[in-house]
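Below, each chain spelled out in residue letters.
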Amino acid sequence: MLLLALASLVAVGFAQPPVWYPGGQCSVSQYSDAGDMELPPGTKIVGGIEARPYEFPWQVSVRRKSSDSHFCGGSIINDRWVVCAAHCMQGESPALVSLVVGEHDSSAASTVRQTHDVDSIFVHEDYNGNTFENDVSVIKTVNAIAIDINDGPICAPDPANDYVYRKSQCSGWGTINSGGVCCPNVLRYVTLNVTTNAFCDDIYSPLYTITSDMICATDNTGQNERDSCQGDSGGPLSVKDGNGIFSLIGIVSWGIGCASGYPGVYARVGSQTGWITDIITNN
């Protein structure tokens with residue numbers, strides 16, 4: 001997040017629509033209850049709970065090649081493309097960035113982990129670093145991501161659905177406290193409630209404006225118990241339907257502090273599906 005001011009397994013399967021392009025597929029978690037954990041008061045992604053291994057198979061760690069250090073999250077949307085935030089990738093060079101998929105515990109050896117070189121980076125041409133509008137980017141890998149039970153794409157959202165009041169999930173390796181040092185070794189996640197934009201705008205006004213291409217999510221107890229934080233930027237905000245299908249509704253974007261009385265603000269993916277599809281179709 002960009003800070004301001006500061007149990008049983010289901011069979012491996014693929015969902016059909018909504019997808020990112022005609023004929024595309026998206027995967028389901030190997031856990032039937034993925035993302036369903038109810039969190040006690042006081043727990044949040046910044047101090048949070050550990051995901052089970054490969055619970056969110058679309059999760060990506062975006063890293064600096066020079067140090068193999070995580071700096072942003074991302075989401076697999078097909079075997080060559082990852083969605084991230086514009087503020088993560090603006091000014092970055094493909095030669096200096098790598099994408100790690102199938103990551104769970106960065107401190108442990110793994111036969112699942114895949115590290116991919118980057119072919120190209122596309123930052124939304126209308127991204128505004130002052131207002132945070134259009135905070136979306138897409139990254140193309142040099143080689144195809146091997147899709148299996150542990151690594152797979154997340155579904156596209158329904159652009160007509162605002163997802164208000166839905167339970168959502170946010171996962172990442174972000175800091176465990178606001179302003180803290182990045183990053184924990186094990187992937188964590190938190191459940192959040194999607195708010196109306198009007199509610200979110202009232203809290204941020206007059207400092208910032210919540211625009212139609214943003215979506216907000218928080219807890220129900222004053223916006224001070226659950227949130228994403230630095231290092232989670234670019235990662236997924238998802239919802240799950242009754243069939244266990246996860247859709248990417250938001251990209252971790254910005255906020256004032258972490259769990260500091262302000263909702264987390266995410267780039268609304270439903271407003272960007274056309275742009276994303278155009279990029280991956282034409283490149």
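Residues numbered from 1 in each chain as written. Predicted model: local features only at pLDDT ≥ 70, side-chain atom pairs only at ≥ 80, totals over all residues. Heavy atoms only, no water.

- Per an unreviewed UniProt entry, the chain is named Lumbrokinase protein, and its organism is Lumbricus rubellus.

Comments concerning the nonpolar core
Here's step 1: Among the nonpolar cores identified, the biggest contains 43 residues, and Trp20, Val62, Ile77, Val83, Met89, Ile139 and Ile276 are the most heavily contacted of them.
Here's step 2: Residue-level mapping places this core at the junction of two domains, with at least three residues from each of domain 1 (49–53 + 154–270) and domain 2 (59–152 + 273–282).
Here's step 3: Those residues in contact with Ile276 that sit more than four places away from it in its chain are Trp20, Ile77, Val83, Val136, Val138 and Val269.
Here's step 4: With 12 residues, the next largest nonpolar core counts Cys170, Ile215, Ala217 and Ile249 among its residues. (Core = buried A, V, L, I, M, F, W, Y, C linked by side-chain atoms within 4.5 Å. Buried < 20%, exposed > 50% of the residue type's maximum accessible area, 1.4 Å probe, protein only. Domains from an automatic or database assignment. Contact = heavy atoms within 4.5 Å.)

Some remarks on the pairing of strand E6 (residues 69–78)
Here's step 1: With respect to burial, E6 is a largely interior element, 9 of its 10 residues being buried.
Here's step 2: Judged from the 6 bridges that link them, strand E5 (residues 59–64) and E6 form a sheet pairing that is antiparallel. Each bridged residue has a counterpart across the sheet, and for Arg64 the counterpart in E6 is Ser69.
Here's step 3: In this antiparallel pair of consecutive strands, E5 and E6, the connection spans 4 residues, and Asp68 shows a positive phi of 55°. (Helix = DSSP H or I, 4+ residues; strand = E, 2+ residues; numbered from the N terminus. Pairing = 2+ DSSP bridges.)

Overview of the side chain of Thr141
Here's step 1: One can find Thr141 in strand E10 (residues 137–141).
Here's step 2: At a separation of 2.7 Å, a polar atom in the side chain of Thr141 contacts the main-chain carbonyl oxygen of Asn143.
Here's step 3: Setting aside chain neighbours within four positions, we find Thr141 in contact with Asp79, Arg80, Leu99, His116, Asp117 and Asp119. (Polar contact = N/O pair within 3.5 Å; in protein donor to acceptor, adjacent residues only side chain to side chain.)

Considering the pattern of salt bridges
If the charged atoms of two oppositely charged side chains come close together, the side chains can form a pair.
Here's step 1: Overall, the coordinates contain 8 salt bridges when judged by the stated rule.
Here's step 2: For Asp117, the salt bridge identified is with Lys65, shortest N-O distance 3.0 Å. With Asp117 in strand E9 (residues 114–123) and Lys65 in the loop between E5 and E6, this residue pair connects regions lying 52 residues apart in the sequence.
Here's step 3: For Asp117, a relative accessible area of 40% gives the class partly exposed. (Salt bridge = Lys/Arg side-chain N within 4 Å of Asp/Glu carboxyl O.)

Considerations on empty space enclosed by the protein
Here's step 1: When its volume is computed, the second largest cavity comes out at roughly 30 Å³.
Here's step 2: Tyr54, Phe56, Pro57, Gln59, Gly102, Glu103 and Asn150 are the residues that line the second largest cavity.
Here's step 3: A class-by-class count of the residues in the lining of the second largest cavity yields 3 nonpolar, 3 polar and 1 charged. (1 Å grid on protein atoms, 1.4 Å probe; cavity = no way out; pocket = protein on both sides within 12 Å on 5 of 7 lines; lining within 4 Å. Points joined across faces, edges and corners; volume = space filled by probe spheres on them. Nonpolar A, V, L, I, M, F, W, Y, C, P; charged D, E, K, R; others polar.)

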